[in-house]
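A structural walkthrough
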Amino acid sequence: AFMVFLYHVQVFAPVPGPLFSVLRMGYLGVTFFFVLSGFVLTWSWSPLVRRSTFYVRRFARIFPSHAAAWLLAVPVFYAILPIAAPDFVKPVDPWILLLSFVLLQGWSTVPLILFAGNPAAWTLPVEFSCSAFHPFAQRLLAMFAVRRTLIAAALVVAIAWAYRGSAWLFAGTWWADLPAPIQHTPEFLLGMCLAWAFRSGWRPRVPVWLGLTLLAVVVVSIAIVPAALSGSLAAELTIRFGNEAFSLACAVLIVAIVASGLAGRRSIFGDRIQVRLGEWSFAFYLVHATVIYGAMWIWPALQPSWNNILPATVLFVIGLGLAAILFQGVERPLERRIRRWKDRRDARSLERSVAEA
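1. Looking at the overall build of the protein
What the protein contains, in helices and strands, is 14 helices and 2 strands. Its C-alpha atoms give the protein a radius of gyration of 21 Å, within 12% of the compact-globule value 21 Å for 357 residues. A burial count over the protein gives 45% of its 357 residues as buried. Partitioning the contacts of the protein with sequence separation of at least 6, the portion at a separation of at least 24 is 79%. In the structure as shown, the protein presents an accessible area of about 18,700 Å², 69% of it carried by carbon and sulfur atoms. On the protein, the mean spot of the 29 positive side-chain charges and the mean spot of the 15 negative ones are 9 Å from each other.

Here is the structure:
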C-alpha cells in the first residue's frame, strides 16, 4: 500500500531526478498485493469452512471498508456541485458510479469506468473474482503434493509470460487487453501454489536479503532501462514483461520471509508496529488517493523538488490516521458482526442437521 501511495503522491508532490522514475513504479504494489492475497487465503484455508461461509467472510473483509471509502472518494473525484474543479474531477454518471459501488467496474477496460468511484478500488473486483474461484481451485490444489504444486506454480508463471508475449505480438486483438480480473489471476494463483507447497512440507532455503534485493533490482530496472536504452529490445522487453518479472520477485520475497519465520528466525516484519500497520494497510490503500487528490482541490500540483518530501509526509500521516479510524470504526467491527451472523446461521444449520439425523 505504501508503494502505491508513493506512486500517486508524485502527481501532487513529485521529487526530482531518477528517484521520481523509481517511485513512479509504485503501482506495482498491487501486483504484490495479488500474489500475497492468493498466498494468505490458501495459507489460512480449512476444509471445515463452508464455501458460503468463505464467501461471506470475504465480503465482510472487503466491502464495508470499500463502501465507506467510496463515500469519501466520490465528492473528491466527481463534480457534484456546479463549482470550479480541478481537471481530474469527472462529471457524475449514476450508472458508472453504481458499477463502482458494487465492484463491477474492474471488468471494463475503459479508464473512465475502470477507475470510477474510488480510483484505488479497481483492484477489488480482481479480489472478488479470485475469491469466487478460490474454493474450487483450492479443492484441486489440495490433491497435489509438493512436487506437483511447484510444477503448477511454474505452469502459472509460464501462462502469464506467454499471455503477455502474445498480447505484445498481436496488439490490437480483442484478447490483447483482457479485463483486470483475468489478467491478474495468474498472480493470485501463484500465491496459492506457493502457500500450498509450504503447507505440504516445502521448506526452501532462500535468504530474505535475496528476496529484497531481487525486488529492488526489478523495480529499478523497470524504472530506468526503458529511458536509458530507449528504442532497444531490452527496453521493450522491460516494458512488456516488467509486471511478470516483478510478480516473480514478489514470490521469491514471500517465500524467503515465510521460510525464515517457519525456521524460527525473528524478523522486523513480525514487529508489533509492522503488524499494526499491516492491519491498517487495506484501509490506507482505499483512502490514500482520496487524501492526495483532495489536497489538490486546495493547492495546485507542486513542481519537482526535494522540499516536496514534507507535504508528501504530511499527506501520508493524514492518510494513515484516516485509515486507522476506518479500520477501528468500520472495517473491524462490521467484519466481526457479519462473521458472527454467519457463524450463528451455520451453527443453527448444523443443529437442524443433527436433529434430523
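Further notes follow.
2. Description of the side chain of Lys90
Relative to the helices and strands, Lys90 is located in strand β2 (residues 90-91). Buried and unpaired, Lys90 has Asp87 as its nearest opposite-charge partner, separated by 10 Å. Leave out the neighbours within four places in its chain, and Lys90 touches Phe77, Tyr78, Ala79, Leu112 and Phe115.

3. A look at the packing of helix α4 (residues 51-77) against helix α5 (residues 94-101)
At a minimum axis separation of 10 Å, α4 and α5 run at an interaxial angle of 150 degrees. Taken together, the axis directions place α4 and α5 in an arrangement best described as roughly antiparallel. Each of Phe63, His66, Ala67, Trp70 and Val74 in α4 lies in contact with α5, whose residues at this interface are Leu97, Ser100 and Phe101. Here the contact of α4 with α5 is composed, by residue class, of 6 nonpolar, 2 polar and no charged.

4. Comments concerning α5
Three or more residues of α5 are buried, namely Ile96, Leu97 and Ser100. The arc that holds the buried residues of α5, viewed along the axis, is 100 degrees, so those residues lie on one side. For α5, the exposed residues lying more than 90 degrees away from the buried face are Pro94 and Trp95. The inward-facing, buried residues of α5 contact α4, β1 (78-79) and α6 (111-114). Residue Asp93 occupies the N-cap position of α5, its side-chain oxygen lying 3.1 Å from the main-chain nitrogen of Trp95. Leu103 sits one or two positions beyond α5 and adopts a positive phi of about 60 degrees.

5. As for a nonpolar patch on the surface
Among the surface-exposed residues, Trp95, Leu98, Leu99, Val102, Leu104, Trp107 and Ile182 lie close enough to one another that they form a single nonpolar patch of about 690 Å² accessible area. Per-element tally for the nonpolar patch: the top contributor is α5, with 3 residues.

6. Some points on the nonpolar core
Core analysis: the biggest nonpolar cluster contains 87 residues, and Phe77, Trp122, Phe246, Tyr293 and Leu315 have the highest contact counts within it. By residue number, the principal contributor to this core is helix α13 (residues 272-295), which donates 12 residues. Contact partners of Phe77, with chain neighbours within four places excluded, come to Phe88, Val89, Lys90, Gly117, Pro119, Ala289, Thr290 and Tyr293.

Cut-off values and rules
- Residues numbered from 1 in each chain as written.
- Predicted model: local features only at pLDDT ≥ 70, side-chain atom pairs only at ≥ 80, totals over all residues.
- Heavy atoms only, no water.
- Helix = DSSP H or I, 4+ residues; strand = E, 2+ residues; numbered from the N terminus.
- Rg over C-alpha atoms; globule rule 2.2 N^0.38 Å.
- Buried < 20%, exposed > 50% of the residue type's maximum accessible area, 1.4 Å probe, protein only.
- Contact = heavy atoms within 4.5 Å.
- Areas by Shrake-Rupley, 256 points an atom, 1.4 Å probe, with all protein chains shown as cover.
- Lys, Arg positive; Asp, Glu negative; His and termini not counted.
- Charge placed at Lys NZ, Arg CZ, Asp CG, Glu CD.
- Salt bridge = Lys/Arg side-chain N within 4 Å of Asp/Glu carboxyl O.
- Axes fitted to C-alpha atoms, helices over the stretch in contact; angles between N-to-C directions.
- Parallel < 35°, antiparallel > 145°, perpendicular 65-115°, else oblique.
- Nonpolar A, V, L, I, M, F, W, Y, C, P; charged D, E, K, R; others polar.
- Arc of directions from axis to C-beta.
- Polar contact = N/O pair within 3.5 Å; in protein donor to acceptor, adjacent residues only side chain to side chain.
- Patch = residues over 30% accessible without salt bridge, like charges linked within 9 Å, V, L, I, M, F, W, Y side chains within 5 Å.
- Core = buried A, V, L, I, M, F, W, Y, C linked by side-chain atoms within 4.5 Å.

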